[in-house]
Amino acid sequence: MARSAPASASPTRSLPATRRWEERGKILGSCRVSPPPCPALRAGSTTARSSPPPLQPRYLSQEAGGHWDLVCEQKGLNRATSSCFFAGVLVGAVAFGYLSDRFGRRRLLLVAYVSSLVMGLVSAASVSYIMFAITRTLTGTALAGFTVIVITLELEWLDVGHRTVAGVLSTTFWTVGVMLLALVGYLIRDWRWLLVAVTLPCVPGILSLWWVPESARWLLTQGRVQEARRYLLCCARLNERPVDEDSLSLETLSKVAAGEHVVQRPSYLDLFRTSRLRHISLCCMVVWFAVNFSYYGQSLDVSGLGLNIYQTQLLFGAVELPAKLLVYLSVRHAGRRLTLAGTLLGTALTLGGRLLVSSEMVAWSTTLAVMGKGFSESSFTTVYLFTSELYPTVLRQTGMGLTALVGRLGGSLAPLAALLDGVWLSLPKITYGGIALLAACTALLLPETRHAQLPETIQDVERKSAPSSLQDEEMPMKLIHN
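Just so it is clear, the structure is predicted and the values come from calculations on it, not from any experiment. (Residues numbered from 1 in each chain as written. Predicted model: local features only at pLDDT ≥ 70, side-chain atom pairs only at ≥ 80, totals over all residues. Heavy atoms only, no water.)

A.B. asks: Outline the overall build of the protein chain, supporting the account with residue identities and numerical values.
C.D. replies: In terms of regular secondary structure, the protein chain is built from 18 helices and two strands. Expressed as a percentage of the 482 residues in the protein chain, the buried residues total 56%. Total accessible area on the protein chain stands at roughly 20000 Å², and carbon and sulfur atoms take up 65% of it. (Helix = DSSP H or I, 4+ residues; strand = E, 2+ residues; numbered from the N terminus. Buried < 20%, exposed > 50% of the residue type's maximum accessible area, 1.4 Å probe, protein only. Areas by Shrake-Rupley, 256 points an atom, 1.4 Å probe, with all protein chains shown as cover.)

A.B. asks: Describe the nonpolar core, and please don't skip the residues or the numbers.
C.D. replies: The nonpolar side chains of a soluble globular protein tend to be buried with one another. In this structure, Leu-109, Phe-146, Cys-284, Val-287, Trp-288, Leu-340 and Leu-344 are the most contacted members of the largest nonpolar core, which totals 69 residues. The element that contributes the greatest number of residues to this core is helix H11 (residues 275–300), accounting for eleven residues. For Leu-109, the contacting residues outside a window of four places in its chain are Phe-146, Ile-149, Val-150, Leu-153 and Leu-209. Counting five residues, the second-largest nonpolar core is a separate cluster that includes Ala-124, Trp-191, Leu-195 and Val-196. (Core = buried A, V, L, I, M, F, W, Y, C linked by side-chain atoms within 4.5 Å. Contact = heavy atoms within 4.5 Å.)

A.B. asks: I'd like a description of the pattern of salt bridges, backed by residues and values.
C.D. replies: For the coordinates displayed, the defined rule picks out ten salt bridges. For the salt bridge of Arg-273 with Asp-270, the shortest nitrogen-to-oxygen distance reads 2.6 Å. (Salt bridge = Lys/Arg side-chain N within 4 Å of Asp/Glu carboxyl O.)

A.B. asks: Describe the packing of aromatic side chains, and please don't skip the residues or the numbers.
C.D. replies: All chains considered together, the criterion is met by ten aromatic pairs. Geometrically, the ring pair formed by Trp-288 and Tyr-384 is edge-to-face, given 4.9 Å between the ring centres and 70 degrees between the ring planes. Within this pair, whereas Trp-288 is found in helix H11, its partner Tyr-384 is found in helix H15 (residues 362–390), the two being separated by 96 residues in sequence. Geometrically, the ring pair formed by Tyr-295 and Tyr-296 is edge-to-face, given 6.0 Å between the ring centres and 85 degrees between the ring planes. Members of the aromatic cluster, each reached through a chain of ring pairs, are Trp-288, Tyr-295, Tyr-296, Phe-380 and Tyr-384. For Arg-189, the ring lying beneath its charged end belongs to Tyr-186, and the centroid distance is 4.8 Å. Stacked on the ring of Tyr-231, the Lys or Arg Arg-230 has its end atom at 5.0 Å from the ring centre. (Phe/Tyr/Trp six-rings, centres within 6.5 Å; stacked < 30°, edge-to-face > 60°. Lys NZ or Arg CZ within 6 Å of the ring centre and 35° of its normal.)

A.B. asks: Before we move on, can you summarise helix H17 (residues 427–443) with the specific residues and values?
C.D. replies: When the terminal C-alpha atoms of H17 are compared, their 24 Å separation across 17 residues agrees well with the 24 Å that a helix rising 1.5 Å per residue should span. Looking at H17, one finds that the buried residues are Pro-428, Lys-429, Tyr-432, Gly-433, Ala-436, Ala-439, Ala-440, Thr-442 and Ala-443. As for H17, its buried residues are in contact with H11, helix H14 (336–356) and helix H16 (396–418). (Expected span 1.5 Å × (residues − 1).)

A.B. asks: Can you break down the packing of H14 against H15 residue by residue, with the values?
C.D. replies: One way to put it is that H14 packs onto H15 with a least axis distance of 8 Å and a crossing angle of 155 degrees. For the element pair H14 / H15, the angle class is roughly antiparallel. Seen along the crossing, H14 lies across H15 with a hand that is left-handed. Its residues assigned to classes, the contact of H14 with H15 comprises nine nonpolar, twelve polar and four charged. (Axes fitted to C-alpha atoms, helices over the stretch in contact; angles between N-to-C directions. Parallel < 35°, antiparallel > 145°, perpendicular 65-115°, else oblique. Left-handed = near helix turned anticlockwise from the far one by under 90°. Nonpolar A, V, L, I, M, F, W, Y, C, P; charged D, E, K, R; others polar.)

A.B. asks: Tell me what's going on with a nonpolar patch on the surface, and back it up with residues and numbers.
C.D. replies: A cluster of nonpolar side chains, Leu-355, Leu-356, Val-423, Trp-424, Leu-425 and Ile-430, forms an exposed patch at the surface whose accessible area comes to about 680 Å². For Trp-424, the location among the structural elements is in the loop between H16 and H17. (Patch = residues over 30% accessible without salt bridge, like charges linked within 9 Å, V, L, I, M, F, W, Y side chains within 5 Å.)

A.B. asks: Tell me what's going on with the confidence of the model for the protein chain, and back it up with residues and numbers.
C.D. replies: Averaged over the protein chain, the pLDDT score is 77; the fraction of residues at 70 or greater is 74%. Across residues 1–63 the pLDDT falls below 50, and counting only partners more than four positions away or on other chains, this stretch makes 220 contacts in the model. Predicted confidence for residues 465–482 stays below pLDDT 50, and this span has 51 contacts to residues more than four positions away or in other chains. (pLDDT = per-residue confidence, 0-100.)

A.B. asks: Outline unusual backbone geometry, listing residues and values.
C.D. replies: For His-451, which is not a glycine, the phi torsion comes out positive at approximately 65 degrees. Relative to the elements of secondary structure, His-451 occurs in the loop between H17 and helix H18 (458–462).

A.B. asks: So what about the environment of Pro-201? Which residues, and what values?
C.D. replies: Residue position: Pro-201 is located in the loop between helix H6 (191–199) and helix H7 (202–208). For Pro-201, a relative accessible area of 49% puts it in the partly exposed group. Sequence spacing of Pro-201 and Tyr-113 is 88 residues, and the spatial spacing of their C-alpha atoms is 9.8 Å.

A.B. asks: Give me the lowdown on the side chain of Gln-397, citing residues and values where you can.
C.D. replies: Here Gln-397 lies in helix H16. Classification of Gln-397 by relative accessible area gives buried; the value is 0%. A polar side-chain atom of Gln-397 sits 3.1 Å from the main-chain carbonyl oxygen of Val-148. Within polar-contact distance, the side chain of Gln-397 engages the side chain of Thr-152 at 3.4 Å. (Polar contact = N/O pair within 3.5 Å; in protein donor to acceptor, adjacent residues only side chain to side chain.)

A.B. asks: I'd love a proper account of the packing of H14 against H17, names of residues and values included.
C.D. replies: Axis angle and axis distance: for two packed helices, these are the angle between their axes and the distance between the axes, and together they describe the pair. Contact geometry of H14 with H17 gives a least axis separation of 8 Å together with a crossing angle of 160 degrees. If you check the angle between H14 and H17, you find them roughly antiparallel. Both H14 and H17 take part in a crossing whose hand is left-handed. Across the interface between the two elements, Arg-337, Leu-340, Ala-341, Leu-344, Leu-345, Thr-347, Ala-348, Leu-351, Arg-354 and Leu-355 of H14 pack against Lys-429, Ile-430, Tyr-432, Gly-433, Ala-436, Leu-437, Ala-439, Ala-440 and Ala-443 of H17. Partitioned by chemical class, the residues of the contact of H14 with H17 number 14 nonpolar, two polar and three charged.

As structure tokens, this is what we get:
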């Protein structure tokens, strides 16, 4: 899936310190520049949440920066491609969140996958820097699309008992992709072929949509009863469950749809029209900002670990596996709210602990960094699951789009906070940890959703519907009786 399937690579790799380029009969001169992060994480990867340390020039087989003369005075364009990508992510989170609430999850998911594939391949074939920057922006927009749609479509087909395990399990594939990226980046040094390699996994994703149904919950809120009934019957046959024709009759489902057919055209303003939705939206915006801000901040702050880019990428990916197990156990027994607050608190404490460790204590610094990355990843997994359960079906994608927008804004500001070390060396860690601590307190203000039904309408949210057991859930999906 996509919590972030997320990232971007840049072909504009920097030059070795004293290398001289000759191109088109012109000497570009010697420049001393700092190598940018791994290209796989700047343009074609689906792991948009990671930002590894600089890649050493000796690892490169092709200096694409010289290909477009992005050296000396133009070396700042190296980082501009990353900014373009994240600008696209911001736009995509808002656009796809709104459009999928209006036109359906499955249709917009297909658009996102196809757009990601096309734009990724066009990026690899770019013949100019302008072309590359534009295609990376559009790629970011598309990647944000299936990042916010997949988890919602998945949860809308599941009952309370299976939402947790499915939500955590799906993000585990993200973690596997993060670790595989280290291997792919190590084996493929040419930036064009690296972009192709990390874009091609969109192909099986597109093919898999043949078996992915539209959300029956969303169809009922749109009054499309016959389509919803067809998918529900298909689901019953697939699970070998006996079907009660009365419970899935058009008359019964029409009554259900009539009670849920409230918002015809969702709007972002609807997220703030009522007191409870306004409270949820504001709290979620704070939490999402902090989760992204601290996650990216820790991914950037890898100084003193003594590892190269591939080792760091592999280590940070591997630590996410036990983090998933921690989330699974915690959300089942402690609930979503306490898990989210606890993981954010753990992130803040590990950042604070690194302030107390001297630069000579490399082992301790590495241990705390890995623990912090694990806590940060746990909060990322939890916030996706938690947020999708807080919003009603008629506004779920719109709400996810808004919170993802604010989250990406936090991720974009994380590199700027890292520059605060010029004011005071410890200030970036204090900033990351302080924001995480604030979000931990804010998360406690959100309502718990463990064992709660997914709200369908704004009225459901305002009524604070929260059944105490799994048997109390009376959703359209539960109309398939044993």
